[in-house]
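Listed below, chain by chain, are the residues.
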Amino acid sequence: MMENNKDIKKDIVILSLETSCDETASAIVKNGTELISNVVKSQIDVHKKFGGVVPEIASREHVQYCDKVIDEALEQANYDFDDIDAFAVTYGPGLVGALLTGVSYMKALSYALHKPLIPVNHIHGHVYANYLSKTKPKLPFVCLIASGGHSHIVIMHKENEYKIIGRTLDDAAGEAFDKAARVLGLSYPGGPNLSRLAIGGNKDALLLPTPKLNNKYDFSFSGLKTAFINSCHKLSQNGQDIPLKDYAASFESKITDILAEKTIEAAIDYEIPNVCIAGGVSANTVLRETMSELCAKHNLKFYMPQLEFCTDNAAMIASAGYFTYKNGIVADLKLNAIPNLQI
Ligand code: KG4
Ligand code: ZN
């Protein structure tokens, strides 16, 4: 499926497409770090009324918008296809129909325009969102990846080489945020809404359990989520109001403390001086502040993506694509969507 590509010129301009879930996005990035243009067409309004992403609707929306976001990315950059050296596309993990629309579109474009197509793992993309910041992370680094579908702690010593040292055993961090938010009556996507509600709330209002796990870098959020939901239900059954602000603050504080503490512990134990965060949950202000404080306390250098590159976008796919390309990996027309693709 893949072939080697050793002929890489100095500047590489990549145009990417991301369609793994509910954002149709395209971006142009030079040399993996220099953002030229960035377009995200969110489907939030379409899925909101269903309380979550409806896969079939997501695929249909992507079909409608793939060409539009790409045209807009070129227009923003004032580029045409002649200025593009290679294409990058997310081929997993994600919703199979959604991924397929993007993969098929980019295979056709790459074939028609005789340009290489770089297959990109969406999770790698989240890590590389850090490379779009003014200050780029230095290798080696520990990276916490916390999104709606994934929670991992990885160590990278080399570009594109991921050593997984911790992962969630059940729910992803973003998923737990979304489920807790739903119990508080908040709409999809719950994470950012819960976080907004938590501002000024008392984080000590509700005591939540910390799971004990065999691998201290692993996560488990399902017990925490269940304890939270049960506490809310108990109040409702007794005819009492849920103190929404305080409960939101308690949940947010617990989950972000767990994420931050395990990541810092990994950096200290493995003697890695640099720490990054990635994925939708890395947009969370409390997590960003906690990580920043803990890194300063332990003399670790902390990096984080700009807010717009934490949640799904195509700039991170172009960035990861550049480093994948430099490793000599390009796809051929047999490239397929892999919904359960691992790191
Ligand atoms: O990375 P992402 O955009 O999509 C996936 O690859 O899953 O992550 C989306 C997840 C959702 O669960 C969303 O609720 C969560 O990230 N999220 C947040 C915040 N912004 C997004 N969770 C907590 N606080 C936020 N500010
Ligand atoms: Zn994502």
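That block above? That's the structure.
Residues numbered from 1 in each chain as written. Chains lettered and ligands numbered in written order. Predicted model: local features only at pLDDT ≥ 70, side-chain atom pairs only at ≥ 80, totals over all residues. Heavy atoms only, no water.

Enquirer: Could you give me a rundown of the packing of helix α2 (residues 55-77) against helix α3 (residues 96-113), with the residues and numbers involved?
Expert: The contact between α2 and α3 brings their axes to 9 Å, and the two run at 35°. Seen along the crossing, α2 lies across α3 with a hand that is right-handed. Across the interface between the two elements, Ser59, His62, Val63, Cys66, Asp67 and Ile70 from α2 touch Gly97, Ala98, Thr101, Tyr105, Met106 and Leu109 from α3. The class makeup of the residues in the contact of α2 with α3 is seven nonpolar, four polar and one charged. (Axes fitted to C-alpha atoms, helices over the stretch in contact; angles between N-to-C directions. Helix = DSSP H or I, 4+ residues; strand = E, 2+ residues; numbered from the N terminus. Left-handed = near helix turned anticlockwise from the far one by under 90°. Contact = heavy atoms within 4.5 Å. Nonpolar A, V, L, I, M, F, W, Y, C, P; charged D, E, K, R; others polar.)

Enquirer: Could you give an account of the pattern of salt bridges, naming the residues involved and the relevant values?
Expert: The tally for this structure, following the rule as stated, stands at eight salt bridges. Residues Arg60 and Glu56 are paired through a salt bridge, measuring 2.8 Å at the closest nitrogen-oxygen approach. Taken together, the residues span about one helical turn, with Arg60 and Glu56 both in helix α2 at a distance of four residues. By relative accessible area, which is 45% here, Glu56 ends up partly exposed. Where Asp67 meets Lys68, a salt bridge forms, and the shortest distance between an N and an O atom there is 3.9 Å. One salt-bridge network, in which partners are shared between bridges, spans Asp171, Glu175, Lys179 and Lys225. (Salt bridge = Lys/Arg side-chain N within 4 Å of Asp/Glu carboxyl O. Buried < 20%, exposed > 50% of the residue type's maximum accessible area, 1.4 Å probe, protein only.)

Enquirer: Talk me through the packing of helix α6 (residues 190-198) against helix α8 (residues 244-269); I want residue IDs and the actual numbers.
Expert: Closest axis-to-axis distance for the α6/α8 pair is 7 Å, and the angle between their directions is 115°. α8 is crossed by α6, and the crossing has left-handed handedness. Contacts between α6 and α8 pair Leu194, Ser195, Leu197 and Ala198 from the former with Leu244, Lys245, Ala248, Ala249, Phe251 and Glu252 from the latter. A breakdown of the residues in the contact of α6 with α8 according to their chemical character gives seven nonpolar, one polar and two charged.

Enquirer: Describe in detail the site of ligand 1, supporting the description with residues and values.
Expert: In the vicinity of ligand 1 there are 17 residues, among which His126, Gly148, Asp178, Gly280 and Asn284 approach most closely. A distance of 2.8 Å separates an oxygen atom of ligand 1 from a polar backbone atom of Gly148. Residue Asp178 places a side-chain N or O atom 2.6 Å away from an oxygen atom belonging to ligand 1. When ligand 1 is considered free in solution it has 540 Å² of accessible area, and contact with the protein chains removes 87% of it. Counting residues per element, the ones that place at least two in the shell around ligand 1 are α4 (122-128), α5 (173-183) and α6. (Near = heavy atom within 4 Å. Polar contact = N/O pair within 3.5 Å; in protein donor to acceptor, adjacent residues only side chain to side chain. Areas by Shrake-Rupley, 256 points an atom, 1.4 Å probe, with all protein chains shown as cover.)

Enquirer: Give me the lowdown on α6, citing residues and values where you can.
Expert: Considered for burial, the residues of α6 that qualify are Gly190, Gly191, Asn193, Leu194, Ser195 and Ala198. Contacts from the buried residues of α6 go to α5 and α8. Phi turns positive, to about 85°, at Gly200, one or two residues after α6.

Enquirer: Describe the side chain of Thr256, naming the residues involved and giving the relevant values.
Expert: Mapped onto the fold, Thr256 is located in helix α8. A polar atom in the side chain of Thr256 sits 2.6 Å from the backbone oxygen of Glu252. In this structure Thr256 touches Phe177, Asn284, Val286 and Leu287, once residues within four positions along its chain are discounted.

Enquirer: Before we move on, could you go through the side chain of Ser26 and cite the residues and values that matter?
Expert: Residue placement: Ser26 occurs in strand β2 (residues 23-30). The class for Ser26 is buried, based on a relative accessible area of 0%. From its side chain, Ser26 meets the backbone oxygen of Ser16 in a polar contact 2.9 Å long. Residues contacting Ser26, with those up to four places away along its chain left out, are Leu15, Ser16, Asn38, Val39, Val69, Ile70, Ala73 and Ala314.

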